[in-house]
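In case you want the letters, here they are:
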Amino acid sequence: MKALQEKIRTEGRALSEDVLKVDSFLNHQIDPVFMQEIGQEFARRFKDENITKIITLESSGITPAVMTGIELGVQVVFARKSKSLTLQDGLITSSVYSFTKEESKEISISSDFINENDRVLVIDDFLANGQAALGLMQMVAKANAQLVGIGIVIEKAFQNGGMKLRENDVRVESLAQISSMAKGKITFVEEEAL
Ligand code: G4P
Ligand code: NA
Ligand code: NA
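Values in this document were obtained by computation on a predicted structure and should not be read as measured data.

Notes on the overall build of the protein chain
Per the secondary structure count, the protein chain includes six helices and 10 strands. In terms of C-alpha radius of gyration, the protein chain reaches 16 Å, essentially the compact-globule figure of 16 Å for 194 residues. Counting all 194 residues of the protein chain, 48% fall into the buried class. When contacts within the protein chain are restricted to residue pairs at least 6 apart in sequence, long-range pairs at least 24 apart make up 62% of them. Here the protein chain has roughly 10,000 Å² of accessible surface; of this, 47% comes from carbon and sulfur atoms.

Below you can see the structure in the form of structure tokens.
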């Protein structure tokens, strides 16, 4: 998605070879008008899949998921990272390992909001090592729902999450794929071939 590459170039900052800061529109401040375009693009790619539900992980996945939900006219469920006071029974859980924090976290969604009749689209902001996506996929499987695909705003293609997911025959649609980063320079996969 050209507009996203442009946005990343103008507003993003490579903090190192593997961390991209996009706080001005996605991870802290949110640019709603731009994020609406993101939702439209995901919807365009998945419109023929009869999706009934979108699943994401709090917090930064919520914006692109909701924007897509508006376009597809379906409900959005975000997995929680901490136990909720009101959410206790009928939880579907999964464990997500963080390489950066070197710890596993339990994430959960209520079984009230996903069932075996659902055709699910998983949406997230970043794809790095794929642990979050794998955790969300596991919950879809536990609910006996059908996973239709995964929509990612920014894939860091130099990390192995995308490969892991595609190896499992999962349809992964990433709106921007970064092939490498250096301080001050971000290269996208398409440019790599040039
Ligand atoms: P990883 O080991 O699979 O790489 O992921 P890890 O669990 O360490 O990721 C921690 C958080 O950092 C996740 O957000 C993930 O989306 C995000 N992340 C991974 N790579 C980048 C990056 O290059 N730039 C930015 N901005 N974020 C990245 P989270 O903890 O779930 O936080 P949030 O959803 O509340 O924002
Ligand atoms: Na995320
Ligand atoms: Na994040």
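Overview of the pairing of strand β9 (residues 172-182)
Burial of β9 is extensive: eight of the 11 residues sit out of reach of the surface. Taken together, the six bridges between strand β8 (residues 146-156) and β9 define a ladder with parallel strand orientation. Paired with lysine 156 across the bridge in β9 is isoleucine 178. Sheet topology note: the β9/strand β10 (residues 185-188) ladder contains four bridges and is antiparallel. Paired with alanine 182 across the bridge in β10 is lysine 185.

Here we look at the coordination of the sodium ion (ligand 2)
Donor atoms from the polypeptide that bind the sodium ion (ligand 2) are Asp124 (OD) and Asp125 (OD), placed at 2.3 to 2.9 Å. Between the two metal centres, the sodium ion (ligand 2) and the sodium ion (ligand 3), the spacing is 3.7 Å, with aspartate 125 acting as a shared donor.

Some points on the side chain of glutamate 155
Examined against the element boundaries, glutamate 155 turns out to sit in strand β8. A polar contact is formed between the side chain of glutamate 155 and the side chain of arginine 166, at a distance of 2.9 Å. Side-chain polar atoms of glutamate 155 contact the side chain of glutamine 177, separated by 3.1 Å. In this structure, glutamate 155 is in contact with Leu127, Gly162, Arg166, Ser174, Ala176, Gln177 and Ile178, ignoring residues within four places of it in sequence.

Description of the pairing of strand β4 (residues 75-79)
Alignment of strand β3 (residues 53-57) against β4, held across five bridges, turns out to be parallel. Directly across from threonine 56, in β4, lies its bridge partner phenylalanine 78. What joins β3 to β4 is helix α3 (residues 62-72), and the crossover it makes is right-handed.

Conventions adopted
- Residues numbered from 1 in each chain as written.
- Chains lettered and ligands numbered in written order.
- Predicted model: local features only at pLDDT ≥ 70, side-chain atom pairs only at ≥ 80, totals over all residues.
- Heavy atoms only, no water.
- Helix = DSSP H or I, 4+ residues; strand = E, 2+ residues; numbered from the N terminus.
- Rg over C-alpha atoms; globule rule 2.2 N^0.38 Å.
- Buried < 20%, exposed > 50% of the residue type's maximum accessible area, 1.4 Å probe, protein only.
- Contact = heavy atoms within 4.5 Å.
- Areas by Shrake-Rupley, 256 points an atom, 1.4 Å probe, with all protein chains shown as cover.
- Pairing = 2+ DSSP bridges.
- Donors = N, O, S within 2.8 Å, 3.2 Å for Na, K, Ca; no water.
- Polar contact = N/O pair within 3.5 Å; in protein donor to acceptor, adjacent residues only side chain to side chain.
- Right-handed = clockwise from strand over helix to strand, strands pointing away.

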